[in-house]
Amino acid sequence: MKDIIEHKFQLPRDSIENAHRVGKKRDNPRHIICKFLRRPDRQVVLRRKREILKNEKYFITTDLTPRELELKKRAAPLMKRLFEEGKRPKFRAGKLYVNGVERSIDSQ
């Protein structure tokens, strides 16, 4: 993980405070959880991940709590419809935002 951060994102190797795999060993690769030392480095990675990792076989995403994961699953159909309508839905910290304005997940 430190090699990816250093070579692909041009951040110092010490940007990651801790990294470990989660789950039981299995045939396919396990997820890796990384804790960044500084929040700005984390934000750089999350902002630039799409452009930098476009042709890679792995991806980077935010680790969600079980509650946030459930809310995001519930919001997915609405987010898809809003995106198709040309709006910009985002899911952050358990809340749905459309064009920067908070919106209820249950409203269709």
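Up top is the structure.
Quick notes on the rules
Residues numbered from 1 in each chain as written. Predicted model: local features only at pLDDT ≥ 70, side-chain atom pairs only at ≥ 80, totals over all residues. Heavy atoms only, no water. Helix = DSSP H or I, 4+ residues; strand = E, 2+ residues; numbered from the N terminus. Expected span 1.5 Å × (residues − 1). Bend = angle between axes of the 7 residues up to and from the residue. Buried < 20%, exposed > 50% of the residue type's maximum accessible area, 1.4 Å probe, protein only. Contact = heavy atoms within 4.5 Å. Pairing = 2+ DSSP bridges. Axes fitted to C-alpha atoms, helices over the stretch in contact; angles between N-to-C directions.

(A) Geometry of helix α3 (residues 66-84). Along its 19 residues, α3 runs 27 Å from first to last C-alpha, staying within 8% of the 27 Å computed at 1.5 Å per residue. Most pronounced at alanine 76, the bend in α3 amounts to some 45°, and the proline proline 77 follows within four residues. Among all positions in α3, only Glu68, Leu71, Ala75, Leu78, Met79 and Leu82 are buried. Tucked inside the fold, the buried residues of α3 contact β3 (89-92), β4 (95-98) and β5 (101-103). Phi for glycine 86, located one or two positions after α3, is positive at around 90°.

(B) Fine view of unusual backbone geometry. For glutamine 10, which is not a glycine, the phi torsion comes out positive at approximately 55°. Looking at the element boundaries, glutamine 10 is found in the loop between α1 (2-7) and β1 (16-21).

(C) Focus on the sheet that holds β3. If you trace the three strands from one edge of the open sheet to the other, you get β3-β4-β5, paired in antiparallel fashion. Each end of this open sheet is capped by a strand with a single partner; those strands are β3 and β5. Ignoring strand direction, the axes of neighbouring strands in this sheet form an average angle of 40°. Inspection of the sheet shows β3 paired to β4 by four bridges, in the antiparallel sense. Looking across to β4, one finds that arginine 92 is bridged to lysine 95.

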